[in-house]
Every structure is written in structure tokens, then in C-alpha cells.
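The chain contents come next:
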Amino acid sequence: MKPHSRLHIPQPPSRPGQPPDFSYLELSAAGGVPRPDVNARVRDLDFLASGLVRVLDEQHQAVGPWHPHLEPAELQVGLRHMLLTRIYDERMQRTQRQGRISFYMRSLGEEAVSVAQAMALRPGDMLFPSYRQQGLYMVRGRPLVDLMCQLLSNTRDMCRGRQLPVMYHWASGRIFSISGNLATQFPQAVGWAMAAALKGEDDIAATWIGEGASAEADFHHGMVFAAVYRAPVILNVVNNQWAISMFQGFAGGENRSFAARGLGYGVAGLRVDGNDFLAVYGATRWAAERARTGAGPTLVELVTYRGAAHSTSDDPARYRPRDDYERWPLGDPVERLKKHLIALGEWSEERHAALVSELGQLVTTSWKTAVGFGTLTDGPHLDPDLMFEDVFEEMPAHLERQRAELAAERRAGVAAGNT
Amino acid sequence: MKPHSRLHIPQPPSRPGQPPDFSYLELSAAGGVPRPDVNARVRDLDFLASGLVRVLDEQHQAVGPWHPHLEPAELQVGLRHMLLTRIYDERMQRTQRQGRISFYMRSLGEEAVSVAQAMALRPGDMLFPSYRQQGLYMVRGRPLVDLMCQLLSNTRDMCRGRQLPVMYHWASGRIFSISGNLATQFPQAVGWAMAAALKGEDDIAATWIGEGASAEADFHHGMVFAAVYRAPVILNVVNNQWAISMFQGFAGGENRSFAARGLGYGVAGLRVDGNDFLAVYGATRWAAERARTGAGPTLVELVTYRGAAHSTSDDPARYRPRDDYERWPLGDPVERLKKHLIALGEWSEERHAALVSELGQLVTTSWKTAVGFGTLTDGPHLDPDLMFEDVFEEMPAHLERQRAELAAERRAGVAAGNT
Amino acid sequence: MNMIQALNSALDLMLERDSAVVVMGEDVGYYGGVFRVTDGLQRKYGEHRVLDTPIAEGGIVATAIGMAVNGLKPVAEVQFADYIYPAYDQIVSELARLRYRSAGEFTAPVTIRTPCGGGIRGGQTHSQSPEAIFAHVSGLKVVMPSNPCDAKGLLIAAIEAPDPVIFFEPKRLYNGPFDGDPDKPAVPWSTHPKGEVPDAYYRVPLGKAEVVRQGEQITLVTYGTMVHVCEAAARRLGLDAEIIDVRSMVPLDIETIAASVQRTGRCVVAHEATRFAGFGAELSASIQEHCFWSLEAPIQRVAGWDTPYPHAFEWEYFPGQVRVMRALEAAMEAQ
Amino acid sequence: MNMIQALNSALDLMLERDSAVVVMGEDVGYYGGVFRVTDGLQRKYGEHRVLDTPIAEGGIVATAIGMAVNGLKPVAEVQFADYIYPAYDQIVSELARLRYRSAGEFTAPVTIRTPCGGGIRGGQTHSQSPEAIFAHVSGLKVVMPSNPCDAKGLLIAAIEAPDPVIFFEPKRLYNGPFDGDPDKPAVPWSTHPKGEVPDAYYRVPLGKAEVVRQGEQITLVTYGTMVHVCEAAARRLGLDAEIIDVRSMVPLDIETIAASVQRTGRCVVAHEATRFAGFGAELSASIQEHCFWSLEAPIQRVAGWDTPYPHAFEWEYFPGQVRVMRALEAAMEAQ
Ligand SMILES: Cc1ncc(C[n+]2csc(CCOP(=O)(O)OP(=O)(O)O)c2C)c(N)n1
Ligand SMILES: Cc1ncc(C[n+]2csc(CCOP(=O)(O)OP(=O)(O)O)c2C)c(N)n1
Ligand SMILES: [Mg+2]
Ligand SMILES: [Mg+2]
């Protein structure tokens, strides 16, 4: 073999020990991207896939056509949900380090995505998230105790002990069950939206996928079916720049934005500053209106940064600079909304500190309640017989037999000195 | 359910009994699309995905920047290959109707695609076709007898009786084995091209997929990997408007051209008049040069029309107007090249008629030779023991045993009065 | 009715009775399906109840799941079982486990219909019988009828089931029973008692095998096309064989099967799929576990060879009467 | 060496010896793999020999096939066996059948490595053992080592094989042998004879089972993690059990297995995967066919239950020592 090859290998801008370099990131000024009519022809929307919709400027003012003009009270609610998400994440991460739960995944730096989007949607809209949109649960009001019981696989675990931590679901809150398999939810959301349209109902679907997972087949399936049937769905790509150790270039991000993937399908593609609460809110409103008025699907790329490790099993210091998150040009979503509220005269450092401590308290009390229902290590435990339920609606004979076998095995185990 | 739904269902422009309507087709004038430098930035090439590269004008003249300026002799060779493809198709279709072969698929109306593309590529370039590019075999010179023996599953069948008719392969001719499963060849071609680049070799890969099959996952896989590694590959979508009974709208063609699918991946997308031999040749040259000079992959949409039934199992009269092919705005590729040659003074109706009869003769003689090696119905037949070979390189014990069992079974069958 | 008409009738009735039922797949709408199983349904129920879809089996199953989560009952067609693999991930990782992983909060009662089996010169990509790779996956029901009457009743039961069902249709049986002899003139279903199909609604329960022929000497456990091949083989040998049509691979009616083998003491298991790690292995293993003390001879397996399904050697590959007869003889001889 | 180091050593040697070998997969390059099996290889052999890939298992296998057709020998990693399904179509329809359908003109000697099995609290999507659905597909070789020494030798043999190989790595064994008791302190491979791994190149042939413990009373046929669980169970019962590590599911070394069962007359088959239509069914059916006249008791199957692998009930799901012991007792009692 000749030593030189022309095969291009994508390169992250910096590796451990090097200074973070975000010069690759294409930015637009706040207020710089026009906001077209929601029913504009898709062909006339190409520019939205290369611009970056931003509302908050350097002076913490909200500017431009995408400004959603929310009441200060609504902004405060948004700030609260983002903060709660962050504090919850930090504490759950800690419990994992202490061995109380087996696994955890944080959304540090991406809180605006799920919080602003959930707030911009209606309660009847159906959400198909990946594992990094816990903010949806905060907005829709699922008690923390319920989430924690899932993390603990305890006697109140909504999943009855079947799923890894963070794989929540909530039928009455209209949040779909999270899958451990990447990307599968993307075309499922499209199917849900198709059914809504078939039934003549007004609810829309929204789904989230990581930029890394967008390489999976199901991304394409979702795009094709959404485009063909003009399904009322918002297809979100959360581009947090990393997929475990792989930079977004390995998903094709070196060439073109992920929003641009929509263009070829005839699906509107919208690139948004994912750390700008107001931009995310405004963009989501626009996409939701398109969907609800029959103008079809929108692919929204939320440009953000994975501030923390991929999960508790990951160590990002092996593959990226340590201080990268601090240098991320789009800043921190919580800080930015906080400063905007302060600039509006609707918030202060004191109120902020009080809120942080209030939410910390909430997490603490919730945790106390949750562990009261058991932990994976110490119990009380779920009844193992539950393992055989919900495979089918009715338990077939072979599972009845296996359930009995397990019971006998456990008796025999105790007799044989096993615990 | 409310009676009215907003779910959009794609509609073909006309159905049986209605007049064909091709007003949906977006055309460009011959010579109307600029030809950018092969190393231009992909972002600057978007216009190529919405235009239609054409060289032959209404007066049968070759015009514009994509004109490849071939020698008349080369054009005559192209005409010959297209005609041979067509005559071969017609005759093989007839043998199927007579029950001599079990199945056939014609490429009527699409002959320029495979013939012009194969001619524009180098012999070392590796081709990954679908089942409708038999013209590749004509250009690369595989004797008809070899192809026919495959159709007949006879004693000289290159596939040793394992594949349906038309599923040819040719390692030394650098044409990959055709799969019955749609789309699978698309990312395989990308892998082949990646390997060529890794090895520092100059050969490129080309692959063909139907517009219908582009909805499959493997289309996306091919695009993502080609984009990420800038693989030296030409990715062709043959948009012949139909996928069995389904109009291209069911693959997303109502919204945007298939060439435009490239844009979001950062892959150049080129929309070409697939019935214009010179345009196809010129476009393929451009894409090949891009690939060979390290500028990366090109997605080429070849706009054409499936002139015949999908296969011998299909009856298009059930779902589209009978006279549609005659009304197709891009005409017939053979006719168009023929008229161009005549306009150049390099061809005549007489020479054409003589060529048709010569090629008819060739097909007849080849068929006689081929059936001499056996037919599926009358034999001589391949040895059924061959069934157990090539599952693995070396036959494992369980297959040895099964081969022996089959032999015993056949003896027992004869004894029991089976044939 | 032939099997195509019986399946069409089931779909027609279900579209009529339940507005949540939608039919979807490649070419199933305007065209009525490449095997014409959905013929006329789009005209009758409209483009929103009978949908043509993009060619993407994975997308078809994924959107069907989403539709089912939103209250519909999709009946998706995969044009050939050989093309179900692009949907395998959505079926295995999602469809089969959604109820389980969400503790019953979300369910997806999707039916996936797909023609399987050889005998129509379809070669390696139009002949496969991949039931085993679905039977192994917890959470799926797996069904394969052997005649029009069962086909209609089982399809109605599948559509009404609250669980996902993979519904295999042996395509060689669409137009008539087939006893394994390709040289014999084709016989229409009208000549067969199971070709008498009531027009009205009825169900054949999932999870119940049927004894299609009673006998005392040996038990033949089989399904799909092989039911007819086994009947012919037993007849040719003049054996008093009991023949059980499994019909439902999951849940498996092992009680009916075991009761028979315990009585006859001998057993042959037959299917068209490749032998190694095929569903016959499960049948054989289960029967051995339930009937070990009654067995007078080893359980024999009859199956396709462990090779792809070759175009030219279709009848050498297909487990025809002679292969079944040899297994029956082996099982009868041994003592 | 532990199993991770042994696998790394195999890859290292093969990258060194054969310039056609390339390693590819999600996170395998710069990072060295989520289980660190490819640690250091990109640094040593460069970005063009050890490739990070897009997250698309179907695309990974498809491009690996194309690379193999162009003369390379790709070793592709699928991060967890639970995520191999998106590649199932390319594996089954393409990789497995390319040689066959092209009558040997085209081949794709791709090795697919993937960690399988439970025991690390991975829940339903990080614990599966899907070997059966590959074993059923003609044209694939299927391998699962139970220790570092075999892992290295088998991986080298797999990479050098002219056929595609699906190479399962029981992840619970990566860092040490595991006998099924999660409460016992972890033991490193350095305490186990099979943890002694030569640095140099060597091969363990595909298609050969290994008798890991000789015995006269009963035969335990198993593979992967369950080899160690079975050893512990037999020891606890004080049985003179013969334990066979299958190692290679396809081709299956039925000769070694049958010879043992013919001698002992009793047999337990054990694996971690779901029981129904699992690979144990094939083992049981084959053994019954080969050893019927020697069997003194029904062959018992030990396996995971027919449910998804639940996070909280990992040890109730896992076929631990007690489950094996009960099966051994049943097989020993019966007469
Ligand atoms: C089908 C499948 N393949 C691989 C994995 C393993 N995996 C889990 S998360 C992950 C990275 C995903 O990155 P991205 O989509 O960017 O989402 P992010 O973690 O950044 O939110 C991988 C490879 C998986 N869960 N499913
Ligand atoms: C995976 C898969 N799904 C379905 C089919 C059945 N099938 C064969 S050809 C065809 C239509 C393909 O249309 P298109 O891709 O436009 O190619 P064309 O026939 O027009 O050349 C279909 C659905 C198949 N062969 N493989
Ligand atoms: Mg990411
Ligand atoms: Mg087509």
C-alpha cells in the first residue's frame, strides 16, 4: 500500500491538552435571520438551514423577528425549569457516584432545548425524546419523586424495574417511552403524527435525536415519511457537538449543518441557537404552527454543547479539552436567560440564589421520599414475578411456567445458601 | 373520526384512462445549466440539484458546457450498446413469455443511463448496479451468451443456479453481484471506494439505486459515509418515475428533486436528463473527475422513464396510462442519439436498420448457443450438489452430510417413482 | 375462497368494523398488492385507510408503531418475508418490547403480514421462511396459517390482538393447496374443505394448534405449506399418522403437541426454513422435554438445507414428500 | 491478560501482520472503544487503519462489505450486541450470501465483534445474547469465547477466515471469570489458567468445541459466561460432570458433543439468551438426534427467561448456579 491516502478523516478542532477551538462554528447575529411566513414554500426557506436563529444579544436584550415576546412570569418559569433540570442532574449524578443508582446521564448545557421546546408546545402534543431531554418532564410537571423512583428501580418504579435509569415514560403526560436504542423514536413520532392527521386531530408530535444518532437509518425513515405525507411533526436534531467520543464531523457535520438535511427531502430546516431560550422557544412556535396548519414537518437543529460527560460510564477528559464547555461561544442557557431577566429588571442575583436553594431543597426532599420506596441495592425490592408481566397483555402458559420455575429456584437458592 | 384529514397522500398526475400529464416535470433548456469547476465548494453547487443538465437540443444539436465532445465513432459505439441492450431486453422478455426463463426485467427507455455512464468511466472503476443497468454489461463487453446462461440457470450459469434471472455479476469486468434486496449495494459501493482511497488507488466506485429504493435505510447509510470520508464514489439515483405501481411521489419526489438529497449531506447533487446520452456522459465525467481528484462524492439523479413493465410479473396498465411512455417529455434515448448522429452526418436510417438487424442476429445466435448449455425446464441441468458449495469457502461437516442426504433422497425419489 | 380472497375478506371486514384499522405497505393501495391481497380495499375505504408507503420496511414498521401508539391498529404488509430484515430492529427492539419497557403504559398492537416460503421459483430473495428469528424474540406473537379458512380467522384474531403479531403467509398456498409435487397440475382451494370460508366475521384463536389428521402410529408436527406435503407423504406411506398444524409458533400450543406424541411415541417435525437453529429445533427440544419417556425413536427434523434458497434447485431444496417420507420411515423403523 | 487485553493483542498483531486489516466502529478510534478493546491501536496504526465511524451499524457493516470486496479485511465493532439489529439486513441478506449468490466470485471476509450478555446491570438494551438469530443464517460463522486465551486465538482465526464471522464477546468476562454469583468479590483473569495468554500470534480453530472439564456422570454443553457458571454449579453438586465449551456455534462441533453425551447418557444445555427458539434448542435437538439411544434422561435446557432482560431483576433473570444446579439434579434424578 502507498503511504498516502486520500480518505478524509474528520478532525475535531482540539484534543486534550490543546486549547478549545470553536472557530468552525458559523454564527449569525442575534436578530439577524429573517422569520418567514409559516406557510412559505419550503424551497424558499433554504436560508434558514445555514443561518442561526438567535434572539438574545450580547447585551442580554431580546431582538429580532424570532423574539417570542413572552411575559416575564413565563421567562421565570422557564428559568426555574432549566435550573431544576440542572440541579436534579447534578444530584442524581452524585447518587450514582455513591452507588445508589446504576447509571445516569446529564443534560448540562442543553437545558434550554427541552425546557423551551416543551413550553412552546401544547399539553396535547406528543413528545418522543431521546435520553437527554429530562427538561420535558420538568415542564410537564412530573413529580421528581416519580423520576427518582425510576432511577432507583424501586417499588414505585414506573418501569417496574425493567429499564435502565433515565429511560422514563409518561403516557398521561404525553411523553413517549425512551428507548435505549438510538434513533428509533424518530420515525415513530412521524407515525404518531400521521395518525393524528388521519384522525383529523390537532395535536402534533415532536421528537429529538442526537446529531450522532442522525446517521442511523431511522433518521432517514423519519424524514422520508414526514416529507411524503407532510406529517404534523417537529423533528429536532440536538447538535451538542459530541456523540460519546466522536465529534459531530463523524455524523457529517463538517460539510453542512444538520438543519440542511431537511432541504433535499423538501422539509423546512431551521438552525437555532440551542442555548438561547428565546430563540428555541420562538423557533419551536414557528415549527409547531407550520405543523398545526398543515404546512408540514420542520427539521430543527439545536446548536448546543454537551457540557458534561456522555454518561456516568464516560470520561470526556480522554478525548476533548477539559475547559471546552467554558469556552463554548453560545454560552450557558441558564446564565443567558438569567442575565436577560436581570436586564429586564425582572430578576436578581438574590432571587436566583433563593431559587437555587429552594430547588435544591426540593430535590433533597424528593430523594428522601423516593428512597423510602426502596433502592436497587437495599430494597424494599419489586416482586421478581413482575418480570414476567407485560411481555404480552395476557401471560401465556410458557411464561406462567417460567414464573413458577423462578419461584422454585429462589426457594432452592435460599435452601442452598444463596441470598 | 372526523371525515376530513390533513394527511397528504401523494398523487400521480394520471391514472389508467386519463391522458398522461407530465406538467410536473421541471425542465431546463439544453445547454442552460452552467458547468462549475470540478473542485468547486459543494455549497456553491446547489443550483445543479434543481436544474436539469441537457446537451441535445430540439434540433438534435449538442450544445452547452456539459457537451463532452465525443468522436462520432464513440457516439456510434454508444448507440450500438443502447440498441443491443434494448434488443436483448425485448428478446429475453419474449423467451420469458414462452416459459423458457422464469423472470425478466427490461430497461426500456433507460438505456442511456447505464451505457453512457459505463462509457464515461474507466475499466478499473467498480460498478455496483441494481437490476436495471444491463447496459453496463454491454459496454464492458460481457458476451451475451454468458448473460443468457445466467437467465437460463443452465450448466454455464455464472451464478451456478443460485440467483433469479438478471442478477448477474462479473468480478473481472468489475461489476458487482446484483442483489434482490433493494438499496444494499449503495453503501457497499461507498465502502469499496473508501478502501480504494485508503489504499491510495485511483479507481472509483459507481452505484445505482432506483428513486423508489432511495427511501430505504441504505440510501442514507451510503450518503452519510460518503460525505463523512469524502469517498471517491458516484451515487446515482435512477428516477424512472415509478417503483412498481408507486409514483415517485411516494419516495418524496413531489417536494424536491432526488439530486437535492445530496445538499444536506454536503454532497454535490446533479440533476441530469437521463435520456440524453451526451448529458449523461458529460455529467458522469464531471462526477468521476471530482471523485478521482479527491473532491468527494456526487449524487447524480438521472431523470428518465420506465418505458416497460416493472418486470415480467407486473402489469402497468393497472396503474398508469397506456401511452405514457410515448408522451414522456424527454423522449427516447436511442432515438435522440440516433437523430443527433444523423444531424452530424455520421449516421443514416439505412445504417441504423442494418445495425438493428445485425444485433438481432447476434442475439439470435447467442441464444442458440446459450440454450445448448441447457435450460431450466429441459436441461441439461447443473449438478444439485452445487447447492452446498460456496456457502462457505470450505464445506463444513453439516453441509457434507446434507449433500449426502440429498443424494440419498434423490435415489429414493427415483425408486418411489418421483422424477 | 382461495387464501388471497380469505385474507382480503379479513381485511375488508376489519376495515369496515373498526375505524382504527389501517392497511399500509408497498403497492398495497391503488394497485392492491403484488399478490393482490389488498385488492379493491383502497377504492372502498379511501386513501387514508389503505396507504401506499415509501419503500422502507423499517420506516413502515416504525410509523406503524407510532400510529398504534396513537390509537390506530395498523396492518402493515412487507412485500416478501425476505425483505423484512430492514425492519428487524424496529420489530425486535421496539415493537416487541414497548409494552414491557413502559410497564404497559404504551402498547403497539401492530400486525405485520408477509408472504413467505418457496415454490414459486423466486430464488434466494423471494422464498425465505424466517419465522425462527421472530419466535426467539420475547413479546411477539408469530402465526402461519396453512389454509384459507384459518388464514381469515387468524388474521382477524391478529388484528384484534392487543399484542404485535408477525403473520406469515405461505405464498405457494395462495392459490391452492400444494402437496410438494411441482409436476402435478395445480389444484384450486375449492377442492379442499378448508377452502370453504364463511363470508362473515369469525376468529381462529392465536396460540392453538390444530390436529388436521388423527392417527396413532406417529405424530407429524408442522405448519404452512408443509402441512399439505406431510399429509401427502403420510398417505403415500400408508401410515396412520397424526398431523398437527402448529399454526401459532408463539404462543406455542405444546399441550396439544405433547399429548399426541405421548400417545404415538414417534415424531417428525417439518418446516421449509433452513434446518440449523430453525423453529424445528425448538419443536424438537420442547417435545423431547415433554415426551422423553414416551419416545420410541429419535425425533426427526425435516427442513430446508442449510444453504440459501437456490433458484435452479428449488425442488431439490424444498423439503418435499420424499424427504418427509424418509424421515417418517426413519422414525418408524427405529426401536 | 484479561479478555480485553487478549482481544487487543489479537487486533494489534493482525494490524501489524496484514496491511489489509482495518478496525472500524463507533468510538473505536481515538477513544479506543467504550470497553477499551481497541485502546492504543489508532495511535499505533493511524487513523486510516483504525477508523471511527458514523453511528449507523447498518452503514458500518455495509461499508465493511464494500471494503472487503476491495481486498481489505475489516474488523468492525458493534458497540453492544443489542445494537446489531440495524445491521441485520446487511449481515443476513448480503454478508452471509455474497459468496453464494456470486458463485464465489465475490467474497466479504468481514469480522463483526460485539459484546454480549448481561451481568453488568445494563438492562434490556445492554445485555442481550442474540447468537441464535445469526446461527440460523446460512453463510455466517458464529463464535463466542469464554476466556482470554481462546478469545485471542479465535479472533485471529476469525480475521484470517475467508468467511464472515460474528464474534460475540461476553462482556461480563472482560475483566475476570464470573461464576454467576454477583455477591462474590470479582476475581481477575490472572487467577485463571486461561488468563495466561501468549504474546505471540496463535490461532484457535473455528468449529472446534473444547472439553473444559472431563467427567463421566453428565455432560454440560454451554458457552460464554455460562461455562464458568456451569463449572461452579457442577462443583457445588459434587458431580463428575463433563463440561463442553461450544466456542463455535457455526460450524458446530457436534462430534465432540455427541461423543461425550453418548458416554455420560445425560445432558444439560445452558446459555444466557432467552430460552424459546434459542441456540439451546438446536443443541438439544442435535444431541437428541445423535444420542437418542444413549440418553438416560431428558436433555435439560437452562437459559434466560422468555422476557426482555430487566434492569432490576438482573440476577433473577440470569441463569445462575441455582438454575443450573436444578437442571443438573433433574437430569441426574430421572431414570
Ligand atoms: C443503535 C445504537 N447504537 C449505539 C448505541 C450506543 N450509544 C449510546 S449513546 C451514543 C452516542 C449518541 O450521540 P448523540 O446522538 O449525538 O446524542 P448525545 O449523547 O450527544 O445526546 C451511542 C453511540 C445505542 N444506544 N444505540
Ligand atoms: C428491501 C426490498 N423491499 C422490497 C422489494 C420489492 N421490490 C422490488 S423492485 C421494487 C420497486 C423498486 O423501484 P425503484 O427503486 O424505483 O427501481 P425501478 O424498479 O424503478 O428501477 C420493489 C418494491 C425488494 N426487492 N427489496
Ligand atoms: Mg450529540
Ligand atoms: Mg423507479
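Everything discussed here concerns the structure shown above.
Residues numbered from 1 in each chain as written. Chains lettered and ligands numbered in written order. Predicted model: local features only at pLDDT ≥ 70, side-chain atom pairs only at ≥ 80, totals over all residues. Heavy atoms only, no water.

A. Broad picture of the overall build of chain A. Across its full length, chain A holds 12 helices and seven strands. Taking 2.2 N^0.38 as the reference for a compact globule, 419 residues should give roughly 22 Å; the C-alpha atoms of chain A span a radius of gyration of 23 Å, in line with that estimate. With the principal axes as the frame, chain A shows a C-alpha extent of 75 × 60 × 50 Å. For chain A, buried positions account for 67% of its 419 residues. (Helix = DSSP H or I, 4+ residues; strand = E, 2+ residues; numbered from the N terminus. Rg over C-alpha atoms; globule rule 2.2 N^0.38 Å. Buried < 20%, exposed > 50% of the residue type's maximum accessible area, 1.4 Å probe, protein only.)

B. Highlighting the site of ligand 1. Near ligand 1, the surroundings consist of 20 residues, among which A:Tyr131, A:Arg132, A:Asn240, A:Trp242 and D:Glu57 are the closest. The local environment of ligand 1 is shared, drawing residues from chains A and D. Contacts to ligand 1 include A:Glu211, whose side-chain N or O atom sits 3.0 Å from an oxygen atom. Between A:Trp242 and ligand 1, the recorded distance is 2.7 Å, taken from a backbone N or O atom to an oxygen atom. Notes on ligand 1: free accessible area 590 Å², of which the protein chains cover 96%. (Near = heavy atom within 4 Å. Polar contact = N/O pair within 3.5 Å; in protein donor to acceptor, adjacent residues only side chain to side chain. Areas by Shrake-Rupley, 256 points an atom, 1.4 Å probe, with all protein chains shown as cover.)

C. Here's a closer look at the interface of chain B and chain D. The interface is formed by 41 residues belonging to chain B together with 43 residues belonging to chain D. For the chain B and chain D pair, buried surface summed over both sides reaches about 3400 Å², with 63% attributable to carbon and sulfur atoms. Three residues stand out in chain B for area buried against chain D, namely B:Leu198, B:Phe225 and B:Phe392, and they jointly supply 18% of the buried area on that side. Linking chain B with chain D are one salt bridge, by the criterion used here. The partner of B:Arg401 in a salt bridge is D:Glu255, and the shortest N-O contact between them spans 3.3 Å. On the surface where chain B and chain D come into contact, there are 19 residue pairs in polar contact (both at pLDDT 80 or more). For the side of chain B that touches chain D, the secondary-structure elements that each account for two or more residues are α5 (185-198) and α6 (217-229) of chain B. With nine residues, α5(B) is the single largest residue contributor to the side of chain B that touches chain D. The class makeup of the residues in the side of chain B that touches chain D is 23 nonpolar, nine polar and nine charged. (Contact = heavy atoms within 4.5 Å. Buried area = accessible area lost by both parts, 1.4 Å probe. Salt bridge = Lys/Arg side-chain N within 4 Å of Asp/Glu carboxyl O. Nonpolar A, V, L, I, M, F, W, Y, C, P; charged D, E, K, R; others polar.)

D. Representation of the coordination of the magnesium ion (ligand 3) in the model. Residue and element names in this part refer to chain A. Looking at the magnesium ion (ligand 3), one finds its protein donor set to be Glu 211 (OE), Asn 240 (OD1) and Trp 242 (O), positioned 2.0 to 2.2 Å from the metal centre. Donor residues binding the magnesium ion (ligand 3) come from one chain and are separated in sequence as E-x28-N-x1-W. One end of the pair, Glu 211, is in the loop between β2 (205-210) and α6 (217-229); the other, Trp 242, is in strand β4 (residues 242-243), with 31 residues separating them in the sequence. With respect to class, Glu 211 is no different from Trp 242; both count as buried. (Donors = N, O, S within 2.8 Å, 3.2 Å for Na, K, Ca; no water.)

E. Up close: the pairing of strand β11 (residues 267-274) of chain D. All names here are of chain D. Of all eight residues making up β11, eight are buried, and the element is well covered by its neighbours. Across four bridges, the pairing between strand β8 (residues 218-222) and β11 is parallel. By the bridge assignment for β11, Thr 219 is matched with Cys 267. Examined bridge by bridge, β11 and strand β12 (residues 300-304) share four bridges and lie parallel to one another. Bridged to Val 268 within β12 is Gln 300. Assessed by its sense of winding, the connection that carries the chain from β11 through helix α10 (residues 279-291) to β12 is right-handed. (Pairing = 2+ DSSP bridges. Right-handed = clockwise from strand over helix to strand, strands pointing away.)

F. Inspection of the relation of the copies chain D and chain C at higher detail. In the superposition of chain D on chain C (RMSD 0.0 Å, axial shift 0.0 Å), the rotation amounts to 180 degrees. Viewed as a symmetry operation, the transformation between the two copies matches a two-fold axis. (Least-squares fit on C-alpha atoms with pLDDT ≥ 70 in both.)

G. Structural view of the sheet that holds strand β6 (residues 268-273) of chain B. Residue and element names in this part refer to chain B. With parallel pairing, five strands are arranged side by side in an open sheet as β1-β2-β3-β7-β6. Of all strands in the sheet, those with a lone pairing partner are β1 (126-128) and β6, marking the two edges. Mean inter-strand twist for the sheet, computed between neighbouring axes without regard to direction, equals 20 degrees. (Axes fitted to C-alpha atoms, helices over the stretch in contact; angles between N-to-C directions.)

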